[in-house]
Amino acid sequence: ALLERRVELLGGTARSELITGLNAGAKSYIADLWNFTPGTPWSILRAHRNLQRAARLDLAYLPPDGGRIRINPGTTTRLMVTPRPLYAMERALMTGDGPVPASFFDLAVLMQGSAQVLLERQGGIYLYLRDVQGHLEARLWARMFAHIEELTGSPRGSIRATVMIDSIPGALEAEEVLFELCHHAAGLSLDP
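Residues numbered from 1 in each chain as written. Predicted model: local features only at pLDDT ≥ 70, side-chain atom pairs only at ≥ 80, totals over all residues. Heavy atoms only, no water.

Colleague: Sorry, what's going on with the overall build of the chain here?
Modeller: Assigned secondary structure in the chain consists of 6 helices and 10 strands. At 16 Å, the chain has a C-alpha radius of gyration in line with the 16 Å of a compact globule built from 192 residues. Along the longest, intermediate and shortest principal axes, the C-alpha atoms of the chain span 50 × 40 × 35 Å. For the chain, the residues scored as buried account for 47% of the 192 residues in total. Nonlocal contacts in the chain, meaning residues at least 24 apart in sequence, comprise 64% of its contacts between residues at least 6 apart. For the chain, the computed accessible surface area is about 9800 Å², with 56% contributed by carbon and sulfur atoms. When the 19 basic and 20 acidic side-chain charges of the chain are each reduced to a single mean position, those positions are 9 Å apart. (Helix = DSSP H or I, 4+ residues; strand = E, 2+ residues; numbered from the N terminus. Rg over C-alpha atoms; globule rule 2.2 N^0.38 Å. Buried < 20%, exposed > 50% of the residue type's maximum accessible area, 1.4 Å probe, protein only. Contact = heavy atoms within 4.5 Å. Areas by Shrake-Rupley, 256 points an atom, 1.4 Å probe, with all protein chains shown as cover. Lys, Arg positive; Asp, Glu negative; His and termini not counted. Charge placed at Lys NZ, Arg CZ, Asp CG, Glu CD.)

Colleague: What am I meant to see in the sheet that holds strand β9 (residues 159–165) here?
Modeller: Where strands meet in a sheet, backbone hydrogen bonds hold them as pairs that are either parallel or antiparallel. Pairing within the open sheet is parallel, and its 6 strands lie in the order β1-β2-β5-β8-β9-β10. Sheet topology places β1 (8–11) and β10 (185–190) at the edges, where each strand pairs with a single neighbour. In this sheet, neighbouring strand axes are inclined to one another by 25° on average, regardless of whether the strands run parallel or antiparallel. Bridge count for β1 against strand β2 (residues 28–32) is 4 bridges, and the pairing is parallel. By the bridge assignment for β2, Glu8 is matched with Ser28. Across the sheet, helix α4 (residues 135–152) touches β8 (125–129) and β9, and the angle it forms with β9 is around 160°. (Pairing = 2+ DSSP bridges. Axes fitted to C-alpha atoms, helices over the stretch in contact; angles between N-to-C directions.)

Colleague: How do you make sense of helix α2 (residues 41–55) when you look at a structure like this?
Modeller: Helical geometry: 3.6 residues make up each α-helical turn, so side chains three or four residues apart lie on a common side. For α2, spanning 15 residues, the distance from its first C-alpha to its last is 21 Å, which sits close to the expected 21 Å at 1.5 Å a residue. Restricting attention to buried positions, one finds in α2 the residues Ser43, Ile44, Ala47, His48, Asn50, Leu51, Gln52, Ala54 and Ala55. On the buried face of α2, the contacting elements are α1 (15–23), β2, β5 (78–82), β6 (89–95) and α3 (102–122). Leu57, located one to two residues past α2, shows a positive phi value of around 60°. (Expected span 1.5 Å × (residues − 1).)

Colleague: Whenever I open this one, the side chain of Ser154 confuses me. Can you help?
Modeller: With respect to the helices and strands, the residue Ser154 is situated in the loop between α4 and β9. A distance of 2.8 Å separates the side chain of Ser154 from the side chain of Thr152, its partner in a polar contact. Setting aside residues up to four positions removed in sequence, Ser154 forms contacts with Leu119 and Glu149. (Polar contact = N/O pair within 3.5 Å; in protein donor to acceptor, adjacent residues only side chain to side chain.)

Colleague: Help me understand the packing of α2 against α3, please; the structure alone is not making it clear to me.
Modeller: Each pair of packed helices can be summarised by the angle the axes make with each other and by the distance between the axes. Relative to each other, α2 and α3 sit at 10°, their axes nearing to 9 Å. What the angle tells us is that α2 and α3 run roughly parallel. Listed contacts from α3 to Ile44, Leu45, His48, Leu51, Gln52 and Ala55 of α2 are Phe105, Asp106, Val109, Leu110, Gly113, Ser114, Val117, Leu118 and Arg121. Its residues placed into classes, the contact of α2 with α3 shows 9 nonpolar, 4 polar and 2 charged. (Parallel < 35°, antiparallel > 145°, perpendicular 65-115°, else oblique. Nonpolar A, V, L, I, M, F, W, Y, C, P; charged D, E, K, R; others polar.)

What follows is the structure in structure tokens.
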């Protein structure tokens, strides 16, 4: 399902951005929860709600100049998601003595609300991982993906991740990162 990746648009998670991205005719729209979404708990929850509705192709908004714009139900554009990086914390959810990693929160909410729909519509759950610092972090992601697939009863390899190489440690261990992700790797991407 990811063999054709010539045009991928990167944008935010606001209703208008998701609708425009999914209607643009690109192969993929990458909804970025880190760089294009404010980090407040309310904004993140609203972004996840928008992603759930976009996965179902059931999202609309009213522009200021009037009318109603919605996602074309016949769109073939894949929805991909960039969770927040591993070092970011989600302070709205506490476990033990502190907050949970924001990336795990994003992944859990995405899987809970959209996994089945995305599997049926586009053949998988596609992610872009930012700020992966090396093979140990990639191993953690691979274990998390495998655990989630087991819990949800999804086939192995349903979650595919493209790693954005945007740090020197990540660049130095690019091959090791791909090896650790093994069944969940969808490629590398260079972020200049």
